[in-house]
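Fold and geometry: a report
One-letter residues, chain by chain:
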Number of protein chains: 2
Amino acid sequence: MNSICLPVGLDPSDLDKLEVLIERKKPLQPRESVFLSGEPFTSIYAVRSGSIKSFCIDADGREQVTGFYFPGELFGWDGLANEHYQNTAIALETTSLCEIPYEKLDNLGNSIPSVQKYVMKLISREINADQQLIALLAGNSAQQKLASLLLSISDRLVQQKLSSTRLWLPMSRGEIGNYLGLTVETVSRVLGHFQRKKYLAVNKKEIEILDKKALRDLIRSPEEVE
Amino acid sequence: MNSICLPVGLDPSDLDKLEVLIERKKPLQPRESVFLSGEPFTSIYAVRSGSIKSFCIDADGREQVTGFYFPGELFGWDGLANEHYQNTAIALETTSLCEIPYEKLDNLGNSIPSVQKYVMKLISREINADQQLIALLAGNSAQQKLASLLLSISDRLVQQKLSSTRLWLPMSRGEIGNYLGLTVETVSRVLGHFQRKKYLAVNKKEIEILDKKALRDLIRSPEEVE
DNA sequence: AAATCGGCCTGATGTAAATCAACTCAAGGT
DNA sequence: ACCTTGAGTTGATTTACATCAGGCCGATTT
């Protein structure tokens, strides 16, 4: 079983039983959807390669990005409460997924307690991630938000194709801005600023983190102007 | 079993089994804590009466409110992922809780599948709530944020002591502001503005919603200035 | 009754980010 | 080779909200 699909924390024997659940789907094209908001909840998904954006449409019809998912990460839990997905999930690039039908996972959980426990933890991770985002959105500057996002992506892409300092942003500036509660222009300007400060080297969607410490410091205390 | 402690959705026979898990605690005093960030995760809690604020401390030591919980609502799921609570939870007023030890709930879930399923749904509700907050924090004005919060509290307090239009805010202006990513002054000014517009009657922590429709319209489309 | 303190309100001023607008650049299309 | 289109950048201007500062009021202390 590919450890990318369901991360560690289970007995190998239990892992074997999990493997049978997983359906490998043929790769998604960029912009292709995994599920749409409102559809009946059937499965959760693990990213094998590529990346996923999830978003909802709020009262006034505006799109709100709620998460980006990279290889090894799971998404789709938001559908569990109402038996319908709350978000729409689409591929940001060519992306392959593992589909894990919830029904089967649930049955397996009923017979193997350790699986059940593990699934709960996975769900609760999504809660922690969301709460971190809340903290970020509620009392931080544009610079702090962007620094946080870049460091988060960098951390999550360790053990991936690119090193932790060279990374490829699969989403547009607009999608970053939407996620962080900023406009495209602000995202662009802050990236420019970071570049001038030699914190980053930016080339379109390719980012090299030159000064990780500076970015981390920025998150702790707002930047001094010079 | 008090339906306030665990809402409906289970067979009555299963409910009986759940009841034995629940430990009723003696009421908490205002500002008394339920658990502290970093403590080992043991239980989830249901609010019987009163209200709870949960918050975390971020990198720079600032407090960030992540949720308010009212009668009938559950909190503490954030501790599941790491086996330690991420947030601190304190009572905003004299508050009584049901404690539901997770270990016992988990065991029960292993023997009764419907309980397990139900617990999952409860967790996933927290995810949905968090994602709604994210959407609110990321692209909305101070007026929209406050209108949303007031309507949300009003909805959640239906079937409670006060009617859906007269409500008592147990938290301070500062706590509201922190939660919504606003300053105390802004909260105060927006409440004043809503009052002048006759959307609300505000008397300290007592709020009467006079024009629910106006508030709802405000959320959909930003206010016109006159 | 005077003093202290915290929560809340209000006004003046400052500023970060939004908005508006123009321009560049690369990718397709005809 | 020329036109379109969309993503990204950059500059000028505006604005919503933060910040700073003062004052009010009810509760608690002395």
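The preceding data block contains the structure.
Residues numbered from 1 in each chain as written. Chains lettered and ligands numbered in written order. Predicted model: local features only at pLDDT ≥ 70, side-chain atom pairs only at ≥ 80, totals over all residues. Heavy atoms only, no water.

**A few points about the environment of B:S33**
All names here are of chain B. Spelled out, the test is: By the criteria applied, helices consist of DSSP H or I runs no shorter than four residues and strands consist of E runs no shorter than two, each listed in order from the N terminus. Each residue is placed in one exposure class: buried if its accessible area under a 1.4 Å probe, protein chains only, is under 20% of its type's maximum, exposed if it is over 50%, and partly exposed if it falls in between. Whether two residues are in contact is decided by their heavy atoms, any of which lying within 4.5 Å being enough.
Among the secondary structure elements, S33 is positioned in strand β2 (residues 33-35). Of the residues examined, S33 reaches a relative accessible area of 33% and is grouped as partly exposed. Leaving out residues up to four positions away in the same chain, S33 has contacts with L28, A89 and I90.

**Quick look at the protein's contact with DNA strand C**
As a reminder, the rule being used: Nearness of a residue to a molecule or strand requires only that one of the residue's heavy atoms be within 4 Å of it. N or O atoms closer than or at 3.5 Å make up a polar contact, with two conditions inside protein: a donor-capable atom paired with an acceptor-capable one, and, for residues adjacent in sequence, both atoms drawn from side chains. Under the scheme applied, nonpolar residues are Ala, Val, Leu, Ile, Met, Phe, Trp, Tyr, Cys and Pro; charged residues are Asp, Glu, Lys and Arg; polar residues are all the others, including Gly.
Within the structure, DNA strand C sits among 14 residues, and A:A142, A:T186, A:R189, B:R173 and B:R189 are positioned closest to it. Counting only the atoms of DNA strand C within 4 Å of the protein, the fraction contributed by sugar and phosphate is 61%. Interatomic distance of 2.9 Å between a side-chain N/O atom of A:T183 and a phosphate oxygen of DNA strand C. Residue B:R173 places a main-chain N or O atom 2.9 Å away from a phosphate oxygen belonging to DNA strand C. Its residues assigned to classes, the surface near DNA strand C shows two nonpolar, six polar and six charged.

**Section: the sheet that holds strand β8 (residues 96-101) of chain A**
Residue and element names in this part refer to chain A. To be explicit about the condition: At least two DSSP bridges between two strands are needed for those strands to be called paired. Angles shown run from 0 to 180 degrees and are taken between the N-to-C directions of axes, each axis being a line fitted to C-alpha atoms and, for helices, limited to the stretch in contact.
As summarised here, the arrangement of the four strands in space is β1-β8-β3-β6, forming an open sheet in which the pairing is antiparallel. Edge positions in the sheet fall to β1 (23-24) and β6 (74-75), since each has one partner strand and no second. Here strand β3 (residues 43-49) runs beside β8; their pairing, made up of six bridges, is antiparallel. The residue of β8 that forms the bridge with V47 is L97. In this fold helix α2 (residues 102-111) packs onto β1, β3 and β8, with an angle of close to 55° to the strand it touches most, β8.

**Here's the deal with the relation of the copies chain B and chain A**
Rule in force here: Our superposition of the copies is a least-squares fit, built on the C-alpha atoms of residues whose pLDDT is at least 70 in both.
With an RMSD of 0.1 Å, the operation that places chain B on chain A is a rotation of 180° combined with a shift of 0.0 Å along the axis. Those values place the two copies in the arrangement expected of a two-fold rotation axis. The fraction of interface residues of chain B whose copies in chain A are also interface residues reaches 100%, indicating that both copies meet through the same surface.

**Some details on the interface of chain B and chain A**
The criterion, for reference: Summed over both partners, the accessible area (1.4 Å probe) lost when two parts come together is defined as the buried area. Only one rule defines a salt bridge in this text: a Lys or Arg side-chain nitrogen within 4 Å of an Asp or Glu carboxyl oxygen.
Taken residue by residue, the interface counts 42 residues in chain B and 42 residues in chain A. Approximately 3900 Å² of surface area, both sides summed, lies buried where chain B meets chain A, with 57% of it carried by carbon and sulfur atoms. Counting the surface chain B buries against chain A, the share from its top three residues, B:M120, B:Q131 and B:I134, is 16%. Where chain B packs against chain A, one counts four salt bridges. Measuring nitrogen to oxygen at the nearest pair gives 2.9 Å for the salt bridge that ties A:E83 to B:K121. Linking chain B with chain A are 14 residue pairs in polar contact (both at pLDDT 80 or more), by the criterion used here. For the side of chain B that touches chain A, the secondary-structure elements that each account for two or more residues are β5 (63-69), α2 (102-111), α3 (113-138), α5 (173-180) and α7 (212-220) of chain B. Sorting elements by how many residues they give to the side of chain B that touches chain A places α3(B) first, with 19 residues. The residue inventory of the side of chain B that touches chain A, partitioned by class, reads 17 nonpolar, 14 polar and eleven charged.

**Looking at helix α6 (residues 184-196) of chain A**
All names here are of chain A. What counts is decided by this rule: Expected span of a helix, by definition, is 1.5 Å for each gap between consecutive residues, and there is one gap fewer than residues.
For α6, which comprises 13 residues, the first-to-last C-alpha distance of 18 Å matches the rise-based estimate of 18 Å (1.5 Å per residue) to within 8%. When we look at burial in α6, the residues that qualify are V187, V190, L191, G192, H193 and F194. Considering only its buried residues, α6 is in contact with α4 (142-157), α5 (173-180), β10 (200-203) and α7 (212-220).

**Section: the protein's contact with DNA strand D**
The local shell around DNA strand D holds 14 residues, among which A:R189, B:A142, B:T183, B:T186 and B:R189 are the closest. A share of 62% of the atoms of DNA strand D within 4 Å of the protein falls on sugar and phosphate groups. Between DNA strand D and A:R173 there is a distance of 2.9 Å, counted from a phosphate oxygen to a side-chain nitrogen or oxygen. With respect to DNA strand D, the side chain of B:E185 contributes an N or O atom lying 3.1 Å from a base nitrogen. Secondary structure elements with two or more residues in the surface near DNA strand D: α6 of chain A together with α6 (184-196) of chain B.

**Quick look at the sheet that holds strand β9 (residues 166-168) of chain A**
Residues and elements named next belong to chain A. One open sheet accounts for three strands, arranged β9-β11-β10; its pairing is antiparallel. Each having just a single partner strand, β9 and β10 make up the two edges of the open sheet. Put simply, the sheet's adjacent strands are angled 20° from each other on average, direction ignored. Two strands pair when backbone bridges link them, and β9 and strand β11 (residues 206-209) are joined in this way by three bridges, in the antiparallel orientation. Within β11, the residue paired with R166 across the bridge is E208.

**As for the packing of helix α4 (residues 142-157) of chain B against α5(B)**
Residue and element names in this part refer to chain B. Heads up, the condition is: Throughout, the term roughly parallel applies to angles under 35 degrees, roughly antiparallel to angles over 145, roughly perpendicular to angles from 65 to 115, and oblique to all others. Definitions for this section: a left-handed crossing has its near helix turned counterclockwise from the far helix by less than a right angle. A right-handed crossing has that turn clockwise.
For the pair α4 and α5, interaxial distance at closest approach is 11 Å and the crossing angle is 110°. The pairing of α4 with α5 is recorded here as roughly perpendicular in orientation. For the pair α4 and α5, the sense of crossing is right-handed. Contacts between α4 and α5 involve K145, L146 and L149 from the former and I176, Y179 and L180 from the latter. Classifying every residue of the contact of α4 with α5 by side-chain character gives five nonpolar, no polar and one charged.

**Here's the deal with the pairing of strand β7 (residues 88-91) of chain A**
The side chains of a regular strand alternate between both faces of the sheet. Residues and elements named next belong to chain A. On β7, burial covers both faces: T88 and I90 on one face and A89 and A91 on the other are all buried. Bridge count for strand β2 (residues 33-35) against β7 is two bridges, and the pairing is antiparallel. Within β7, the position partnered with F35 by the bridge is A89. In this structure, strand β4 (residues 52-57) lies alongside β7, joined through four bridges in antiparallel fashion. Bridge pairing links K53 to I90 in β7.

Such coordinate-based values are descriptive only and should not be taken to indicate function.
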